[in-house]
Amino acid sequence: MELRTRALAVFCLTDPHDKAAATLALTLDGAEAPALDCTLPLDYSGQPGRPPQPELVHPQQVPRRSPFTAEGHCALMHSIAHIEFNAINLALDAIWRFANMPAAYYRDWLQVAQEEAKHFTLLRNHLLELGHDYGDFVAHDGLWTMCENTRHDVTTRMALVPRTLEARGLDATPIIQAKLRKVGTPAALAAVGILDVILAEEVGHVAIGNRWYHWLCQREGLDPMAFYAEVAARHGAPRLKPPFNLLARRRAGFSDAEIATLPCA
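The present account deals with the structure reproduced in this document. (Residues numbered from 1 in each chain as written. Predicted model: local features only at pLDDT ≥ 70, side-chain atom pairs only at ≥ 80, totals over all residues. Heavy atoms only, no water.)

## Regarding the side chain of Glu-201
And then number 1: As for its placement among the helices and strands, Glu-201 is situated in helix α7 (residues 186–220).
And then number 2: Overall, Glu-201 belongs to the buried group, its relative accessible area being 18%.
And then number 3: Residue contacts for Glu-201: discarding those within four places in its chain leaves Glu-115, Lys-118 and His-119. (Helix = DSSP H or I, 4+ residues; strand = E, 2+ residues; numbered from the N terminus. Buried < 20%, exposed > 50% of the residue type's maximum accessible area, 1.4 Å probe, protein only. Contact = heavy atoms within 4.5 Å.)

Here it is, written out as structure tokens:
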């Protein structure tokens, strides 16, 4: 089966373990690797495959729990696992949905999909060790809503998902890690280590979004900063709030001019 067609099939899987395992099994290398058809139009209008749990609620209905309690720690890790599960679907969607991109684009997003599957698996195993599983807590669908809003245009997708929503994770992760270090339990410190892995690789994911966003803007004759402001307003992208992880953002390819537009504390 051709790679983008296979990515769509994995996108439709509902079992989290099966989806992560099938994502990790995708390849573009070796004698058994599937062909890649960059021009193949693929038509699918349904939602990504998801398990019946977690229940999805409005973001304001997701309870806030203290990470200083065992249940609160698991709820926090579950919320991050939910982001990573959605990120698997996001990367697979970027592969199958958008045709007529260079082969390197699909290779990049395959790498992202596989690293997101690894992140989800690390977090799910952490929850299992603590007597919980993915689906035990309610969650919201904010990340996928933006994916839906940008499904018709790859340039807008690159602008508002990796460069906005995923970049917010670069800012939030050190803050979460600082709270977990204060908790200081073995579970909390184990979670800090997992988040170290995730943060290091998420820098690369945002960098991939930046690279293809600027490539697309050049192809389409768009001013990157002006186009970003336009689509962020049109699609209601969340306002960016300090503190910012400026080192990670620079490593992810944000220019000095883009850094300068970030709001001050």
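Once the structure has been displayed, the description carries forward.
## Regarding unusual backbone geometry
And then number 1: Omega for the peptide link from Gln-53 to Pro-54 comes to 15 degrees, which places this bond in the cis form.
And then number 2: Residue position: Pro-54 is located in the loop between α2 (16–25) and α3 (70–97).
And then number 3: In the segment running from Pro-242 into Pro-243, the intervening peptide bond is cis, with an omega of 5 degrees.
And then number 4: Relative to the helices and strands, Pro-243 is located in the loop between α8 (224–234) and α9 (246–251).
And then number 5: Notably, Asn-100 is not glycine yet its phi reads approximately 65 degrees, a positive angle.
And then number 6: With respect to the helices and strands, the residue Asn-100 is situated in the loop between α3 and α4 (103–129).

## Side note on α3
And then number 1: An ideal rise of 1.5 Å per residue puts 40 Å on 28 residues; α3 measures up with 40 Å between its terminal C-alpha atoms.
And then number 2: Across the 28 residues that make up α3, a large majority, 23, are buried. (Expected span 1.5 Å × (residues − 1).)

## Let's talk about helix α1 (residues 3–11)
And then number 1: Within α1, the full set of buried residues consists of Leu-3, Arg-4, Ala-7, Leu-8, Val-10 and Phe-11. Along the long axis of α1, the arc covered by the buried residues comes to 160 degrees, so they all point the same way.
And then number 2: Each element contacted by the buried residues of α1 is listed here: α2, α3, α4 and α5 (142–149).
And then number 3: Put simply, Glu-2 is the residue that caps the front of α1, since its side-chain oxygen is 3.0 Å from the backbone nitrogen of Arg-4. (Arc of directions from axis to C-beta. Polar contact = N/O pair within 3.5 Å; in protein donor to acceptor, adjacent residues only side chain to side chain.)

## Points about the pattern of salt bridges
And then number 1: For the coordinates displayed, the defined rule picks out 13 salt bridges.
And then number 2: Measuring nitrogen to oxygen at the nearest pair gives 2.8 Å for the salt bridge that ties Asp-141 to Arg-50. Here Asp-141, found in the loop between α4 and α5, pairs with Arg-50, found in the loop between α2 and α3; they are 91 residues apart in sequence, far enough to count as distant.
And then number 3: Arg-50 sits in the partly exposed class, given a relative accessible area of 22%.
And then number 4: Here Glu-148 makes a salt bridge to Arg-151, at a shortest N to O gap of 3.8 Å.
And then number 5: Accessibility expressed as a relative area gives 32% for Arg-151, which makes it partly exposed. (Salt bridge = Lys/Arg side-chain N within 4 Å of Asp/Glu carboxyl O.)

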